[in-house]
Amino acid sequence: MSARPPAIELLRVTKRFGAVRAVHGVDLAVQTGEFFTLLGPSGCGKTTVLRLIAGLERPEEGEIRIAGRPVASPDRGVFVPAARRQVGMVFQNFALWPHMTVVENVAFGLQARGVSPEERRTLVRQALSLLRLDDLGERFPHELSGGQQQRVALARALVTQPQVLLMDEPLSNLDANLRAAMRTELKRLHQQLGATTVYVTHDQVEALTLSDRIAVMRNGRVVQVGTPEEVYRQPATLFVAGFVASPNLNLLQGTVQAEPRSGIRAGPFFLPGRVPAEPGLRVVVAVRPEAWRLTPDGVPLAVEQVQFTGPDLLLVGRADPHVFQIRVPADLHVGPGSRISVVPVLPQINVFDASTEVAVEFVPDELEGVPDAAAGRARP
């Protein structure tokens, strides 16, 4: 029995706009029923990849398959137009017809496909119910809130029962509360429908909370594919670690040590552990704000700023010449001018080769780093 092909495959796909290579040799496989997110900064090529899957752009090289069937292949002379790919797309700007009611907007794609009026009414009613829009069918787009307009756009994409649902930053025009509510709505819809979904965003919170897997893109290339936990806890490159971080990482320049103990000397800390690299290798150690522990035996910091975020505090502390961001519980009594002592929690740090910025394996001997002055002393 042959294995089921991925719902979407991109094989060495390249797209150019004049002299600019927007997508460079991208390989991806999205499984049936998966919520797959393309994550990256503006200009990284993620929307272009989405448009290539939709059939709104043609690749210059490579092949795109949907359900195992080639839909774009310059070498084979194949290009299936967007209307025949059985995909639904939700755009960033909603793209609703202002002169049509909600019902008419949702029914538009069905009408274009020649669906009978009776079946059209049934499918539209089901889509409106799914998106909790039952009472808004006769309203026009200007009479709806931003969240309601976004749900209409989703209903219009889902009503045609596409094989694949494509979403291009659909929440970016909503305010923070609406974005949070719509994330919950999108999660509910995916769990209920199980539709294969490709989602584009630059927001790491959206990517981490919604996705089964994430592809992080940079400069037209995919630099890592993994589950949200893998991308967050085991970033493949320093770029991935920094992009999937809020607030910013603490970065320390370090050197791999062999004597008197193996480990990494980084800033004011010694990080005991094993690195499969030659002693003297220059590395960058990334420590997230939550990956610190307060301890009297740590490196002393002078607190310069205290930022209240609600559930916790973000402290900005200095140990000359280093400045660190540290997340602590909100009930900690600390203010500007206070002094604290910290060490990094070693299982939560990431280490990268300073020249290539590629992740380097680090196996800690202990759970925490120690002040550098203690590096040569035996630990009890």
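Residues numbered from 1 in each chain as written. Predicted model: local features only at pLDDT ≥ 70, side-chain atom pairs only at ≥ 80, totals over all residues. Heavy atoms only, no water.

Evaluation of the coordinates by the stated rule reveals 6 aromatic pairs. Aromatic side chains Phe239 and Phe243 sit 5.8 Å apart centroid to centroid with 25° between the ring planes, which places their arrangement in the stacked category. Taken together, the residues span about one helical turn, with Phe239 and Phe243 both in helix 8 (residues 238-243) at a distance of 4 residues. Assigned by exposure class, Phe239 and Phe243 land together as buried. An aromatic cluster is built from Phe269, Trp292 and Phe324, whose rings are joined through pairwise contacts. The ring of Phe17 carries the charged tip of Lys15 above its face, separated from the ring centre by 5.1 Å. (Phe/Tyr/Trp six-rings, centres within 6.5 Å; stacked < 30°, edge-to-face > 60°. Helix = DSSP H or I, 4+ residues; strand = E, 2+ residues; numbered from the N terminus. Buried < 20%, exposed > 50% of the residue type's maximum accessible area, 1.4 Å probe, protein only. Lys NZ or Arg CZ within 6 Å of the ring centre and 35° of its normal.)

This part takes up unusual backbone geometry. Cis geometry marks the peptide bond from Glu259 to Pro260; its omega dihedral reads -5°. In this structure, Pro260 sits in the loop between strand 12 (250-257) and strand 13 (263-266). Between Asp320 and Pro321 the backbone carries a cis peptide bond, its omega angle lying at 0°. Phi is positive for Gln86, close to 55°, though the residue is something other than glycine. One can find Gln86 in the loop between strand 6 (78-79) and strand 7 (87-90). For Gln86, a relative accessible area of 45% corresponds to the partly exposed category. A positive phi angle, close to 65°, is found at Glu357, a residue other than glycine. Turning to its location among the elements, Glu357 is positioned in the loop between strand 20 (350-353) and strand 21 (363-364). Classification of Glu357 by relative accessible area gives partly exposed; the value is 31%.

This part takes up helix 4 (residues 146-158). The end-to-end C-alpha separation of helix 4 is 19 Å, in line with the 18 Å expected for 13 residues at 1.5 Å each. For helix 4, the tally of buried residues reaches 11 of 13 residues, placing the bulk of the element in the interior. Along helix 4, the residues classified as buried are Gly147, Gln149, Gln150, Arg151, Val152, Ala153, Leu154, Ala155, Arg156, Ala157 and Leu158. Considering only its buried residues, helix 4 is in contact with strand 7, helix 2 (102-112), helix 3 (117-130), strand 8 (164-168) and helix 5 (176-193). (Expected span 1.5 Å × (residues − 1). Contact = heavy atoms within 4.5 Å.)

Judged by nonpolar contacts, the single largest core of 34 residues is most densely connected at Val106, Leu131, Leu154 and Met167. Those elements giving two or more residues to this core turn out to be helix 2, helix 3, helix 4, strand 8 and helix 5. Top contributing element to this core by residue count: helix 4, with 6 residues. Not counting residues up to four positions away in its chain, the partners in contact with Leu131 are Arg151, Leu154, Ala155, Leu158, Glu185, Arg188 and Leu189. (Core = buried A, V, L, I, M, F, W, Y, C linked by side-chain atoms within 4.5 Å.)

Here we come to the sheet that holds strand 6. On the basis of which strands lie adjacent, the open sheet formed by 5 strands has the order 2-1-4-5-6 and antiparallel pairing. Each edge of the open sheet carries a strand with a single partner, namely strand 2 (20-30) and strand 6. Summarising the sheet, strand 4 (residues 61-66) and strand 5 (residues 69-73) pair through 3 bridges and their orientation is antiparallel. Among the inter-strand pairings, Arg65 is bridged to a residue of strand 5, identified as Pro70. (Pairing = 2+ DSSP bridges.)

A few words on the sheet that holds strand 16 (residues 292-308). Pairing within the open sheet is antiparallel, and its 4 strands lie in the order 18-17-16-19. Across the chains shown, the open sheet's two edge strands, defined by having one partner strand only, are strand 18 (322-329) and strand 19 (339-344). Each neighbouring strand pair of the sheet contributes to a mean axis angle of 55°, computed without reference to strand direction. Inspection of the sheet shows strand 17 (residues 312-319) paired to strand 18 by 8 bridges, in the antiparallel sense. Bridge pairing in strand 18 places Arg318 opposite Val323. (Axes fitted to C-alpha atoms, helices over the stretch in contact; angles between N-to-C directions.)

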